[in-house]
Every structure is written in C-alpha cells, then in structure tokens.
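Residues per chain are reported as follows:
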Amino acid sequence: MDQVGGTKMDHADSTRPASRTLTRLTAQPPDAILELISLHAQDERERKIDLGVGVYRDEAGVTPVFAAVKAAEDRLLRSQTTKSYLGPEGDIEFFRRLLPLALGSDVAAERVAGMQTPGGTGALRIGAELIAAANPNARVHVGAPTWPNHAPIFAAARLELVEHPYLDPANQTVRFGDMMAALEKAAARDVVLLHGCCHNPTGADLDAVQWQAVARLCAERGLLPFIDFAYHGLGDGLEADRQGLACVARHCPEAIVAYSCDKNFGLYRERVGALFVLAADRSDAALAQSNLLSLARANWSMPPDHGAAIVRLILEREELSALWREELENMRRRIAAMREGLARLDPALAFLTRQKGMFSTLDLTPRQVAALREEHAVYVAGTGRINIAGLAPHDLQAFAAALAAVR
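No experiment lies behind these values; they were computed from the predicted model shown. (Residues numbered from 1 in each chain as written. Predicted model: local features only at pLDDT ≥ 70, side-chain atom pairs only at ≥ 80, totals over all residues. Heavy atoms only, no water.)

## Some thoughts on the overall build of the protein
A tally of helices and strands in the protein yields 14 helices and 15 strands. Relative to a compact globule of 407 residues, whose C-alpha radius of gyration would be 22 Å, the protein shows 23 Å and is just as compact. The principal-axis extent of the C-alpha atoms belonging to the protein is close to 80 × 60 × 55 Å. Put simply, the protein has 407 residues, and 51% of those count as buried. Excluding contacts between residues fewer than 6 apart, the proportion of contacts in the protein whose partners are at least 24 apart in sequence is 75%. Per element, the accessible surface of the protein, about 19300 Å² overall, is 52% carbon and sulfur. Positive and negative side-chain charges of the protein, numbering 44 and 50 respectively, have mean locations separated by a distance of 2 Å. (Helix = DSSP H or I, 4+ residues; strand = E, 2+ residues; numbered from the N terminus. Rg over C-alpha atoms; globule rule 2.2 N^0.38 Å. Buried < 20%, exposed > 50% of the residue type's maximum accessible area, 1.4 Å probe, protein only. Contact = heavy atoms within 4.5 Å. Areas by Shrake-Rupley, 256 points an atom, 1.4 Å probe, with all protein chains shown as cover. Lys, Arg positive; Asp, Glu negative; His and termini not counted. Charge placed at Lys NZ, Arg CZ, Asp CG, Glu CD.)

Laid out in structure tokens, this is it:
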C-alpha cells in the first residue's frame, strides 16, 4: 500500500480491466503471407517450392545484393563524413537523379513536388494523406484484385476505397470495358489508383491503347491518377515500363506517383522510395511541397539515409549506373524465362508470357491451394498469387506437375 494525500492506494486496483487501456484493443488477424513463410520454414520436405513471399530470388534461391550496390556502399563507407539528420524531404540529390529515371525527361521539373520516402509504402501513405488534406471526400477507385496493403493505407488516411473489376481470372485478361464503365461513374476530383507496370498481384498490365484511354478519361472527368510504380524495369525494361506513366503526364494536369527502389535496386530492407506529385504549374507544385514537408514531419520526421545514398551514388556515376542497368536487365530476363518455361510445359499456362513482372494470379480454389502445399510442398498465397521470381529452372517441371495434379 502507498499513501498519497492521506489516502491509501491499492496498486491492484489500478490493474482492473475497467481502468486499463490496452485491453480495449481488438485482436487483428495475422498477415497471410507471413503465416505462409512460417509454414514453409517448418516444412521438412527436401524439395519444397516457395512462391508466396514477394521477393526476387536468383537460381540459387538467394535474394542477391547487386554488385553496383556493393560498389556504391564501398564508396559511401570511404566518403561519408557525417551521420547528421537529413531534412524531411530526404536526400535532395537522390530525388533529382531519380526524377528523370522514373518520369522521363519530358516532365518539367518545375511541375514536380515530392520527396524521399521510407519505401514505396511510405510514398503511398504520404500521397494518401496529401489527397485527404486537399479533398477529404475523395474516393479512391481501385481495380480488384490489387496489392492487399493498398486498402489499409488509404483507410488509414480516412479515404473511401471503391473497387472496380480488373482481372478476369478465367481467361487472365484485363476486364478493361468493365473498368472504364466503372470509372465513368467517378466524381470529379476522385482518385484512380493505377499500377505503373508489372501489376501486383496479376501481372496483367494495361497496353498502350488502354493507357491512352484511361489518361484521357481522367483528364476529361477531372480525376486524379495515383500510380503505384513499384517494379520499374522488371517488365519490358526501364524505358518501356514508364510509357503508361508518361501518357498520364501528357494528358493530365495532375498526377501522383509512388516509386519504390526496393525491387529494381534489390534494396528491400533499406526501404528506399520517393513520392512525385505532378502539379499543373509551379505555384501548385510549391503548395503541394509545403504540405508534403508538414506531413512527413508528423509521420517520420526525417527519412533514413543509407539506401537513398546508395541509389544516388549509382545514378551519379556512369560506370555504376551501367552496371546496375545490366544487373536489372538480367533479373528481368530471368523472370521472363521462368514464364516462358512454364508456358512450354503446360499450354494452359500460355497466358504467363503475356503478363509481366514478378507475379501472376492463378485461378485456384482454396482446396487446390491447400493441396499444392500439403501434397506437393508448393507454397502459394491463398489468393492463387504466385511469385514467378521465386522459381528456378529445376523447379519448373515439379511445379507444372503439381498444378496438373490438383486441377
């Protein structure tokens, strides 16, 4: 017992449920992919295939560190003189160097606001909060299926998510007519979430004609395109992969781009990203920048330096940039080769060669997904999404046979 002001206090009383805060929380469901990782790790079978977790792996099953990254880190180790804070905008030269890589050279820099962010997820979140500040009633129109974290990010920014059809799983094509019909009903100043390339989780991208139609619709109806650009260079190459974004920039006075360096630089754990806000003019860009700085200050204050410094050094130095481009192209070709290999083994998988990037979503039932895991040691997300980049050549025959067995 303690005595305060002549009154005895029982510490046990302060722990009663009625006076506790954390007891009022609601337990949240575990992340499905993290559960799948755990199940795979516990599986003692010698030949097992992990197509769940969304990281690139080489033929040895390793997520490699780029040689260009190692060289840049070595330079950084020898040349860095301080670990002082960056400003809330992050490494400004990183942002400037990344701008033409991400958006091309046709976008006037004076139109662009933005900053370094903690990964592409940080860019999505700060972009969502910018939209909420500018138009709290905005609805975000997104194709289904999409990356599972999109919904929580926009919900955390208090924005309403409105789904429209995107993929027809039976024939593995984009339901473009249904998508456009849904977007025709969007209100002016609503947001359209688009995948820049290598759609996650389907691999089914818009073609050039479809990008033109979407960009024109956004311009005509006053919709704000928000492009998640997380796999640049892993589809058809760096130049080809940004053509949809370039089309939007030509037609629309405003757009937002969340860019990730995690995959195309192999910097997953460094969390390197950037947010680009394309404004109608210099004045609007300055207004957006002032709001972004304020939002960043309240969210993470200053972003981490190491990963952005690596990317900056690679983009600054011609020899490192050339090495990085070569390594990225080798990754892209390996992923495409795995798609082509599966298509050769099973004609029913021919659609994989029409899709791009690390992911595709197979039309599998929960029972078939479970059978793949339990009977064949093949780990696939419950949605049927597979990580093509998780395959090695020696896996192709076993995976194709397992699919055939569960159908």
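## Quick word on empty space enclosed by the protein
For the coordinates displayed, the defined rule picks out one cavity of 30 Å³ or more. If you trace the largest cavity, you find it lined by G143, P145, H164, Y166, M179, L193, L194, H195, H199, D205, L206 and W211. Ranked by residue count, the leading element in the lining of the largest cavity is strand β9 (residues 191–195), at three residues. Each residue belonging to the lining of the largest cavity can be placed in one class, and the counts come to seven nonpolar, four polar and one charged. (1 Å grid on protein atoms, 1.4 Å probe; cavity = no way out; pocket = protein on both sides within 12 Å on 5 of 7 lines; lining within 4 Å. Points joined across faces, edges and corners; volume = space filled by probe spheres on them. Nonpolar A, V, L, I, M, F, W, Y, C, P; charged D, E, K, R; others polar.)

## Describing the nonpolar core
Counting residues in each nonpolar core, the largest one holds 96 residues, and the members touching the most others are L98, L103, F276, I314, W324 and F399. Not counting chain neighbours up to four residues away, the residues in contact with F276 comprise F95, L98, L99, A102, L103, V112, A113, A255, I256, V257 and Y259. Core analysis: the second largest hydrophobic core is formed by 29 residues, A113, A123, I126 and V142 among them. (Core = buried A, V, L, I, M, F, W, Y, C linked by side-chain atoms within 4.5 Å.)

## Side note on the pairing of strand β11 (residues 255–260)
Every regular strand shows the same layout, with side chains that alternate between the two sheet faces. The element β11 is extensively covered by neighbouring structure, given that six of its six residues are classed as buried. Taking every second residue as pointing to the same face, both faces of β11 are buried, with A255, V257 and Y259 on one and I256, A258 and S260 on the other. As defined by bridge partners, strand β10 (residues 224–229) adjoins β11 across four bridges and the pair is classed as parallel. Within β11, the position partnered with I227 by the bridge is V257. In this sheet, strand β12 (residues 272–278) lies alongside β11 in antiparallel orientation, the contact comprising six bridges. Counted as the bridge partner of I256 is V277 from β12. (Pairing = 2+ DSSP bridges.)

## What to know about the environment of A182
Structurally, A182 can be placed in helix α6 (residues 176–183). Spatially, the C-alpha atoms of A182 and G104 are 30 Å apart, while their sequence positions differ by 78 residues.

## As for the packing of helix α2 (residues 67–79) against helix α12 (residues 318–345)
The contact between α2 and α12 brings their axes to 8 Å, and the two run at 150°. One way to sum up the angle between α2 and α12 is to call them roughly antiparallel. Where α2 abuts α12, its residues A67, A68, A71, A72 and R75 lie against E319, L320, L323, W324 and E327. Of the residues belonging to the contact of α2 with α12, the class tally is seven nonpolar, no polar and three charged. (Axes fitted to C-alpha atoms, helices over the stretch in contact; angles between N-to-C directions. Parallel < 35°, antiparallel > 145°, perpendicular 65-115°, else oblique.)

## A short note on the pattern of salt bridges
Summed over all chains, the structure comprises 21 salt bridges. With its nearest N and O atoms 3.1 Å apart, the salt bridge here joins D236 to K356. Taken together, the residues D236 in the loop between β10 and α8 (238–241) and K356 in the loop between α12 and β13 (359–361) connect sequence positions 120 residues apart. On the basis of relative accessibility, which here comes to 43%, the residue D236 falls in the partly exposed class. (Salt bridge = Lys/Arg side-chain N within 4 Å of Asp/Glu carboxyl O.)

## Some remarks on the pairing of strand β4 (residues 112–118)
Burial analysis of β4 places six of its seven residues in the buried class, the great majority of the element. Here β4 pairs with β12 via seven bridges, running antiparallel. The residue of β12 that forms the bridge with G114 is F276.

## Things to note about the sheet that holds β11
Taken in spatial order, the seven strands line up as β4-β12-β11-β10-β9-β5-β6 in an open sheet, and their pairing is mixed. Two strands close off the open sheet at either side, each with one partner strand: β4 and β6 (160–165). The mean angle between the axes of side-by-side strands here comes to 20°, regardless of whether they run parallel or antiparallel. Pairing between β9 and β10: five bridges, direction parallel. Directly across from V192, in β10, lies its bridge partner P225. Across the sheet, helix α9 (residues 243–251) touches β10, β11 and β12, and the angle it forms with β10 is around 160°.

## Observations concerning the packing of aromatic side chains
Taken as a whole and assessed by the stated rule, the structure comprises five aromatic pairs. Both rings, one in F229 and one in Y259, keep their centres 5.5 Å apart while their planes meet at 85°; by these two values the pair is edge-to-face. Remark: Y259 occurs in strand β11 and F229 occurs in strand β10; sequence separation between them is 30 residues. According to the relative accessible area criterion, Y259 is buried, its value standing at 0%. Across from the ring centre of F359, 4.0 Å away, lies the NZ or CZ of R385, which sits over that ring. (Phe/Tyr/Trp six-rings, centres within 6.5 Å; stacked < 30°, edge-to-face > 60°. Lys NZ or Arg CZ within 6 Å of the ring centre and 35° of its normal.)

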